[in-house]
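Chains, contacts and geometry: an overview
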Amino acid sequence: VKKKRAAAVVPNAHRNSPRSKRPPQFDDLVTPQGRYPSAWATDLADIFGWDDVLEASGVGVGDGGGSDEDDAPSSSKPAAKKLLLPKRIALDGANIAWSLGTSIRSRFKCRQFPLSAGVIHALHYEPWQKKNFEVTAFLPKEYVVGTLQSLCDGGGRATLNADCVKYVGKGVWVNTHLMDLVDAGRIIMVDRGASSSATLVKASDDLTIIEYAKDRDAWICSNDQFRDHRRNKTLGFSGARDLKAFARTRRFEHGFRVAPGLDDLLLDNMRNASGWEPRIGWQAATTISGGNVPPPRPRFGDTNTKQNRNKTETDAMASVMEEFMMISDGTSISYGERSSRSATESSSNSSEEEFYDGPRTRNDNENALGGVPPFYAMPQNVLPVFFEPTPTQPMIAARKSFLHRQGWNVQTVTGG
């Protein structure tokens, strides 16, 4: 006997109520706090630039629905509706930095690192700037200041991008482009190893992003679905289902278009015409005071000597990072102040650091690039890269359902 398929049950309705048998619509935003029949699609339209949804919803094209200084509605024009959520976006900086590195590698088969340009493109995404979105990126601290293996635009001594990576001392490097954004308040650094210090944010950048979005009603831009954290009880959700619903409705994805419409020959001509010359590797890099980076220490000595030196180097690196990031009273200082202070320390201790003692990586070999040009280090005028926020499948379905309710036809490439 063939079983009948049960009708979908609408939340917040008694199982015997006729309303409970109505199938839910795709554009219904269902959260533990209630159901929002149409506002979800309208808020999404403001993020992705869906002008047809904004117009159909009464928000209007280009106004973003968030301004309190709009002209008073006329008798022939209904009052403009407002968006449900604030214009606030939290960027998963690590995910975005790796996403650009992956996109460039898939196009040119070059080395892959987390790239600061990805985070910068997302922070400066022009449509969001025009609509006055408050965009904040969250990055692990080691992506901004730390060893080359984890640093954005680093990788190793043979692959680092000297245009934005500077040497601090004792194996510690800093990405100056990201540090400038930290000082400007656009990037929040997260210490993944935080445990008790009041100056550190959280032990996980993912948890920090979810907590920020929950507390401030923000959207999340990340290709990570946060499945590892659905049973985390520190976030204040009642269960894994609530966190899943929150991530489903607040998280959208992103992508990068790398040199769209340009073939390799045209890119070579653009590079030659620009006169750009790559500054790659430790020999092209400088210290934050403008001096030369010390050469790597020759490999010699017995095992015990190496182990003792490794422990000393680790302690020295931790001390340099702490001095670079903080002053004596525990308050943050700007990158310029940190640079000048570190430069003074570097000049006074230059005789002590004869060799570079940072951790060795596979990207230290002079042939690490394998003859492939460093596409990852090319500026925007040489290698055009464009950041694009992309909706998830439920969000696409919400747009289609919303326009169908309003009697609109979804425009496609074929005109259907």
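Look above for the structure.
Here goes a summary of the coordinates provided. (Residues numbered from 1 in each chain as written. Predicted model: local features only at pLDDT ≥ 70, side-chain atom pairs only at ≥ 80, totals over all residues. Heavy atoms only, no water.)

What to know about the state of the cysteines
Applying the stated rule across the entire model yields zero disulfides. The thiol of Cys 152 is unpaired, and the distance to the nearest cysteine sulfur, on Cys 164, comes to 8.7 Å. (Disulfide = S-S within 2.5 Å.)

What about the pairing of strand β4 (residues 134–140)?
Counting buried positions over the seven residues of β4 gives six, a clear majority of the element. Summarising the sheet, strand β3 (residues 88–92) and β4 pair through five bridges and their orientation is parallel. Each bridged residue has a counterpart across the sheet, and for Ala 90 the counterpart in β4 is Thr 136. When β4 meets strand β8 (residues 187–190), the two strands line up parallel, connected through four bridges. Within β8, the residue paired with Phe 138 across the bridge is Ile 188. (Buried < 20%, exposed > 50% of the residue type's maximum accessible area, 1.4 Å probe, protein only. Helix = DSSP H or I, 4+ residues; strand = E, 2+ residues; numbered from the N terminus. Pairing = 2+ DSSP bridges.)

Comments concerning the pattern of salt bridges
Any two side chains of opposite charge can pair, so long as their charged atoms come close to each other. In total, this model carries 13 salt bridges according to the counting rule given. In this structure, Asp 264 engages Arg 107 in a salt bridge whose closest nitrogen and oxygen atoms are separated by 3.8 Å. Of the two residues, Asp 264 is situated in helix α9 (residues 264–274) and Arg 107 in helix α3 (residues 93–108); the sequence distance between them amounts to 157 residues. The shortest N-O distance in the salt bridge between Lys 141 and Asp 191 comes to 3.3 Å. (Salt bridge = Lys/Arg side-chain N within 4 Å of Asp/Glu carboxyl O.)

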